[in-house]
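Overview (structure and organization)
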Number of protein chains: 2
Amino acid sequence: MSTASNGQGTGAGALLAILRDGRARTRGELAELTGLSRSTVSQRLDGLIAGSWVVAAEDSISSGGRPAAVFAFNERARVVLAADLGATRARLAVLDLGKTVLAERAAELHVDQGPERTLEWVATAFRELLDGAGHDLDQVCGVGVGLPGPVEHASGRPVNPPIMPGWDGFDVPGWLGARLGAPVLADNDVNIMALGEHWAAGPEIDHLIFIKIGTGIGCGIISGGRLHRGAQGAAGDVGHIRVPASEAPCRCGNLGCLEAVAGGASMAAQLRAAGVAANGSRDVVALMRAGDLRATRLVRQAGREVGAVMASIVNFFNPSLIVIGGDVAEAGEQVLAGVRETIYSRSLPLATQHLGIRSSRLGDRAGVVGAAVMVIDHVLAPDAVDQAFGHH
Amino acid sequence: MSTASNGQGTGAGALLAILRDGRARTRGELAELTGLSRSTVSQRLDGLIAGSWVVAAEDSISSGGRPAAVFAFNERARVVLAADLGATRARLAVLDLGKTVLAERAAELHVDQGPERTLEWVATAFRELLDGAGHDLDQVCGVGVGLPGPVEHASGRPVNPPIMPGWDGFDVPGWLGARLGAPVLADNDVNIMALGEHWAAGPEIDHLIFIKIGTGIGCGIISGGRLHRGAQGAAGDVGHIRVPASEAPCRCGNLGCLEAVAGGASMAAQLRAAGVAANGSRDVVALMRAGDLRATRLVRQAGREVGAVMASIVNFFNPSLIVIGGDVAEAGEQVLAGVRETIYSRSLPLATQHLGIRSSRLGDRAGVVGAAVMVIDHVLAPDAVDQAFGHH
C-alpha cells in the first residue's frame, strides 16, 4: 500500500511497476494507467531517467503529427549478483534487471567448511565475475543467495541446517552485505528455484509447484504468485512424507519416507546393493542414459512414487503447473512419465484438466535466476522505489 | 497499490486500514503512520466522519494541556448481509463491520430447488432480518454468500456444482444484487468458513487449514493471510485423496477416497450395515454421545484417517493452525484425538513444533462470519475506499 502521497517519490514505483513488462509507453498512457496527473508523471519520469532506470525514445510508428516520446524500463540500469549454493557445488551469476545472465561461474564449493570461508570465496568470485563482465560494485542493486537448508527469510539466517555445520543462525545478509555494499537476501535453494521457474513460466501462472529430485527431494510452492514459505519456513518438505507399503530406512531416522525410496541417494544405494557402481544421483542418471535397465526401472519407479505423493497434493493445492528439476530430473521423460502416470490416474479431473507437468526450463540456472527475481522484486517494489525517490 | 495520488480520496483507504484494528488515534499519529501530511489527514478524516466511517472523540487520558482529539473506526457505520447455504440448511445473518452478529436465522432450505426459488427466499429473509434488527437496505454495504459447491470467485457463478441442479453458471451476484441494491460476493462454503476461522484465530496466524468433516470432507486454505483458491478454484478438495489399504467405494466413482472411509455419510452407512439406525453425520455423532461404542470407534478412526492425509499436507504446507469443523467435528475430542495422534506421529518435527490443532471456535457461525469477512475486506480495501472517496 503506497500511502506517502506527500512524499516526493509517490508514483515512481507505480510507473516502474508498469514499465517493467518491457513495453514502452507515452506520458499520456502512463497517466491513464496510474491515475497520476500528467505533470506528476513527467516529474517522476525525469527522476527515473536521471537514475537511468528509464530511457526515453521517440515512437517512430506514431501516426501523423510529431512523434510522441515513449518511455521504457532500462533493464541495464543495474546488475544483480546471485549465488546458488548446494552442498558441494556453487553457481554464481551476474544478471541484469531483465534476468539475463551476463556472466556466470560454476565451481566445487563445500558449505560444510562453514559460513566465513564459504562466503569469503563467494564474495571474491562475485568481484571477479563483475570485473570480467565490465561492471563494478556501484552498479549492484542487490545480492540473492540460495542455501541448501532451512533459512528464516526475514533475517536471511539459516535455521538448524542439517548439512551446513557452523551456519545455524549465521547472519548471511549482514556478513556479505558488509563486503559487497548492497542489500543481501537469502532463502532456501528450492524456494529460489521455484521463483526462477515461476518467472520462466510467465505471470499467468499463479499457482506452481517446483519439485527438486536430487540426493533428497523437496519442493518450492508459489501461491497466488507469491512464494509460500509456511509457518516455520518449512513448507515444501515433501521428502519425508510417508509412502504406503515401504519400510525403507531414511537418513532422517524414520521408515518409508519418499526420499528413502525415490531420492537419488537411495537409488544409488539400491544399485550398489545390486553390485552396480553408483555414487549418487548423477551416477544413476548416467547409468540410465547408458542403457542400464535397473537404473531405468528405478528412475521410472521413483517418478511414480513422487507422483503418488503429488497426486494428493494436487487435490489439496490445485496448482496450474508442476515443474520437475534436480539431478534426477535430468533423466527427463522417464521421470516425467512416472509422475504424470500417477498424478493423472489419482487426482481429481477438475484439478488436472488444465494441469501442466513438465521438466525445468532453466535447468542448472533455476537457482541463480530465482535469486535474481527475489532481489529485483524486493528492490523494485513500488513502496521501496517511492521511498528511494522520496529521499533523493 | 494505491497510485491515484491526484485523486481526491488518496489516503482515506490507508487511514481506515489503520483504524480498523479498533484503536483510536490522534491526527499526529495517523500522519506518522501513513506518511500523509497533517492537512491531508484532516481532510480525509472529515470525509470519513461525514460518511460515518470514523467517529471523533476526546482523548481523556491525554496528559497536560488540552485533550487531543482522537479518531476511531465506527464498526456500526454499515451492516453486512451473510448467507451460508448448505445442501438442505441455510444460516443467514446481519453483521456489523466488527463481525458482530446483530441478527441471525437458521432454516431448512433445499438448494436443489434451483437458484431463483432459493435466492428469492434468501432475499426475503434478509429483508425480514434487517427489519427486525432495526436496519434498512441503505445501510447494507455488501452481501456475502457461501454455496455448497465449486464457485468461480471472480464472477460468483457456481461451476458444475454436483449437488446444486440448475445452478451451473448462474449469476448469483447479479441476481441477488439487483434485489438488494448492494455488491454481492459468492464463494464455496468451506472457503468462507476458513475465512471466518482465520479471522477468529487472529491476524498473527498466516497459514491456516480449515477441515470440514460433514457428509463429505473438504478444506479451506489460508496462505500468507489470503485464501488460496487454486488454479480452477478447486483447492482443498481433500475428500477424494486416496487412502492406502482401502477399497471402499466412493460416491465419486473411485475406490478408497478419504471421504469414503471418514465422511459422515460413509460412517452412517457402516453403522446401518451393522444394523444400527443412522441416517447421516449428525446421527453418528448423536450415537457416539449416547455411548454407542461402534460409533465412537468409527469417529476415532475417521480422525486417524483424516490425520494421515493431513500429515502429508502438513509437511507440504507447514500451517501454523489446523481447525476442524463440520458436523462430525461436533464429536469433539474423539475426532481431534485421532487427527492429532496421526499428524504428530507422522509429520516432521519442524513442521509440528508450533502447530495448533483444534476444533472450530465459531461452530455453525463460521460460514456467516467468513462471508462477512470476505465482503468487508472487499469493501474496505484501501484502493476501493480511495476510489469511493475520490468520486464523492
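Our subject is the structure that appears above.
The sections below set out a description of the structure shown in this document. The model shown is predicted, which means the values in this text are computed figures rather than measured ones.

In this structure the tally under the stated criterion is 7 aromatic pairs over all chains. For the pair Trp167(A) and Phe170(A), a centre-to-centre distance of 6.5 Å together with 70° between the ring planes defines the contact as edge-to-face. Considered together, Trp167(A) and Phe170(A) belong to a single accessibility category, that of buried residues. Summarising the aromatic geometry, the rings of Phe317(A) and Phe316(B) are spaced 5.6 Å apart at their centres and angled 75° between planes, so their arrangement reads as edge-to-face. With one member in each of two chains, Phe317(A) in helix 10 (residues 293-317) and Phe316(B) in helix 10 (residues 293-317) form a pair that bridges those chains. Each of the two residues, Phe317(A) as well as Phe316(B), counts as buried. Each member of the aromatic cluster is reached from another via a ring pair, and the members are Phe316(A), Phe317(A), Phe316(B) and Phe317(B).

Residue and element names in this part refer to chain B. Read across the open sheet, the 5 strands follow the order 13-12-11-14-15; overall the sheet is mixed. Each edge of the open sheet is held by one strand with a lone partner, namely strand 13 (226-227) and strand 15 (356-359). In this sheet, strand 13 lies alongside strand 12 (residues 217-223) in antiparallel orientation, the contact comprising 2 bridges. Each residue of the ladder has a partner; that of Ile222, found in strand 13, is Leu227. Its contacts with the sheet put helix 6 (residues 189-201) on strand 11 (208-213), strand 12, strand 13, strand 14 (321-325) and strand 15, and the angle it makes with strand 11 is roughly 130°. Set on the sheet, helix 11 (residues 333-346) makes contact with strand 11, strand 14 and strand 15; between it and strand 15 the angle comes to about 165°.

On the chain B side, the residues contacting the 50 residues of chain A number 50 residues. Of the roughly 4300 Å² buried between chain A and chain B on both sides combined, carbon and sulfur atoms contribute 61%. Summed over the shared surface of chain A and chain B, the result is 0 salt bridges. The interface formed by chain A and chain B includes 19 residue pairs in polar contact (both at pLDDT 80 or more). Broken down by secondary-structure element, the contributors of at least two residues to the side of chain A that touches chain B are helix 1 (12-19), strand 12 (217-223), helix 10 and helix 12 (349-352) of chain A. Within the side of chain A that touches chain B, the residues separate by chemical class into 22 nonpolar, 23 polar and 5 charged.

Conventions and cut-offs
- Residues numbered from 1 in each chain as written.
- Chains lettered and ligands numbered in written order.
- Predicted model: local features only at pLDDT ≥ 70, side-chain atom pairs only at ≥ 80, totals over all residues.
- Heavy atoms only, no water.
- Phe/Tyr/Trp six-rings, centres within 6.5 Å; stacked < 30°, edge-to-face > 60°.
- Buried < 20%, exposed > 50% of the residue type's maximum accessible area, 1.4 Å probe, protein only.
- Helix = DSSP H or I, 4+ residues; strand = E, 2+ residues; numbered from the N terminus.
- Pairing = 2+ DSSP bridges.
- Contact = heavy atoms within 4.5 Å.
- Axes fitted to C-alpha atoms, helices over the stretch in contact; angles between N-to-C directions.
- Buried area = accessible area lost by both parts, 1.4 Å probe.
- Salt bridge = Lys/Arg side-chain N within 4 Å of Asp/Glu carboxyl O.
- Polar contact = N/O pair within 3.5 Å; in protein donor to acceptor, adjacent residues only side chain to side chain.
- Nonpolar A, V, L, I, M, F, W, Y, C, P; charged D, E, K, R; others polar.

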